[in-house]
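Structural overview for review
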Amino acid sequence: MKEYPAIIAALPREVKHLVRGWKKHTLAGRVVVYSNEYAVVAHAGMGAERAAMAVEAAMAVRPVTALVSVGLAGGCDPAVRVGDIVRAGVVVDTQSGERFSNSEFRQVLVSATRIASVREKQRLFASYSASAVDMEAATVARIAQGHNLPFRAVKVISDDASFEMQELGRFATKNGQFREGAFAAYSVVRPRLWSKLGQLAGNSKIAIEALTAELESQLNWYRQRD
């Protein structure tokens, strides 16, 4: 049987390089799906509800055989650096306490309900030995389990354990988008944030390049299994 994975992201920039040349399907509610002969990619925004919408949209476009949660994540382990890839052996839902395992890998990824502050990253590392924190992987894992589909979580570190991200939460919209323009306008009149804005942009560039290379490798892995 042909493998046809669905790659579930949160934000467009996380997969923009990967999906160049793919067929684009724009659905209601800011849900976007891309497809080619090997895979489908969907993004609908940050958070559990939006992740579920992205999965539903991906499944409506193609009959997928696996779910892969991808995207930017915050580092909890002080040893991880910007651009490091986290391949989750365990995904933990901080709300329900559920744990979803993949015996191929060892790292722990924790899914939270909001962008984590430095203090929260420290707590997650102490409580779960978490390598990273995101907002969507546990939801995608739960859906995969419900449909008896293989699941992977592949994240890239965009902010390390010492980088404070909590104030970015005010620029997240109700439908899970991040208002980059509003954050830039907010920052430009606050000199104390200029260095952070520049660092965040640089970190994101490094992280997305690393994630794109990893996902291309993942897709090659699926192709070779056909």
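Predicted model, so just to flag it, every value in this text is computed and none were measured.

Conventions used here
- Residues numbered from 1 in each chain as written.
- Predicted model: local features only at pLDDT ≥ 70, side-chain atom pairs only at ≥ 80, totals over all residues.
- Heavy atoms only, no water.
- Axes fitted to C-alpha atoms, helices over the stretch in contact; angles between N-to-C directions.
- Helix = DSSP H or I, 4+ residues; strand = E, 2+ residues; numbered from the N terminus.
- Parallel < 35°, antiparallel > 145°, perpendicular 65-115°, else oblique.
- Left-handed = near helix turned anticlockwise from the far one by under 90°.
- Contact = heavy atoms within 4.5 Å.
- Buried < 20%, exposed > 50% of the residue type's maximum accessible area, 1.4 Å probe, protein only.
- Expected span 1.5 Å × (residues − 1).
- Arc of directions from axis to C-beta.

**Points about the packing of helix 1 (residues 48-61) against helix 3 (residues 137-146)**
Packing of helix 1 against helix 3 leaves a shortest axis separation of 8 Å and a crossing angle of 45°. With respect to their mutual orientation, helix 1 and helix 3 come out oblique. Crossing geometry of helix 1 relative to helix 3 is assigned as right-handed. In this structure, helix 1 uses Ala48, Ala51, Ala52, Val55 and Met59 to contact helix 3, whose residues at the interface are Thr139, Val140 and Ile143.

**Describing unusual backbone geometry**
The phi torsion at Ser129 lies on the positive side, around 55°, for a residue other than glycine. Among the secondary structure elements, Ser129 is positioned in the loop between helix 2 (118-128) and strand 9 (132-134). A residue is classified by how much of its surface remains accessible, and Ser129, at 51% relative accessible area, is exposed.

**Some words on helix 1**
Here helix 1 is 14 residues long and its end C-alpha atoms lie 20 Å apart, about the 20 Å a rise of 1.5 Å per residue gives. Among the residues of helix 1, Arg50, Ala51, Ala54, Val55, Ala57 and Ala58 are the ones counted as buried. All buried residues of helix 1 fall inside an arc of 165° around its axis, so they share one side. For helix 1, the exposed residues set more than 90 degrees away from the buried face come down to Glu49, Glu56 and Ala60.

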